[in-house]
Amino acid sequence: MNYSDIVMDHFMNPRNVGELENPDGIGQIGNVNCGDIMRMTIQVKDNRIADVKFKTFGCGAAIAVSSMVTEMAKGKTLEEAVRINQDEVARALGGLPEKKLHCSNLGTDALKAAVNDYWRKNGHPEKVVPLEDEHLEQEAEPQHACCHSPERG
Ligand code: FES
């Protein structure tokens, strides 16, 4: 499968990997077909994405997509962030092979799920947007700090 240089760069050096402490919104979704899982955490300030991080258990395209989606989302208003779509992400990555286009929906939908989580928690359930693809929204609970403490190795 041929990947663009941009895809390879974001796969080899993914941006914004990890998990924010005390995130304002958490989106965790699973692809019903391939089983890949993506988790995004966002920090919101003045209705904008102030920071965003991701963890992806998935294919190389899904990792590159997550990295690109976090770059595109930073600084956008929440309403702009949920409008980032599969085509824009694929274009920004210099194209994706046809078979891997669905992976870009995993990225945009994980971001939507995180923003939806923020809206639900902050009294705006009417703003919640549908996911683009058939993804399983998983319980978006914060991970316990103890699981990540250095003492536990
Ligand atoms: Fe599952 Fe790419 S094959 S997200």
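Rules of the game
- Residues numbered from 1 in each chain as written.
- Predicted model: local features only at pLDDT ≥ 70, side-chain atom pairs only at ≥ 80, totals over all residues.
- Helix = DSSP H or I, 4+ residues; strand = E, 2+ residues; numbered from the N terminus.
- Contact = placed C-beta atoms within 7 Å.
- Core = buried A, V, L, I, M, F, W, Y, C linked by C-beta atoms within 7 Å.
- Buried ≥ 20, exposed ≤ 12 C-beta atoms within 10 Å, placed from the backbone.
- Expected span 1.5 Å × (residues − 1).

(A) Representation of the environment of G75. Within the secondary structure, G75 sits in the loop between α2 (60-73) and α3 (78-81). Residues G75 and K127, 52 residues apart in the sequence, show an inter-C-alpha distance of 19 Å. Aside from chain neighbours lying at most four places away, what touches G75 is R48 and I49.

(B) How the structure looks around the nonpolar core. Ranked by size, the top nonpolar core spans 35 residues in total, and within it V65, A110, L111 and A114 carry the most contacts. For this core, the elements supplying multiple residues, two or more each, are β1 (25-31), β2 (37-45), β3 (48-57), α2, α3, α4 (86-92) and α5 (101-121). Apart from residues lying up to four places away in sequence, V65 is in contact with V89, C103, S104, L106 and G107.

(C) View of α5. In a regular helix each residue adds 1.5 Å, so 21 residues correspond to 30 Å; α5 covers 31 Å between its end C-alpha atoms and thus fits that length. The buried fraction of α5 is high, at 17 of 21 residues. Downstream of α5 by a residue or two, G123 has a phi angle that is positive, lying close to 75 degrees.

Everything listed is a geometric property; what it means functionally is a separate question.
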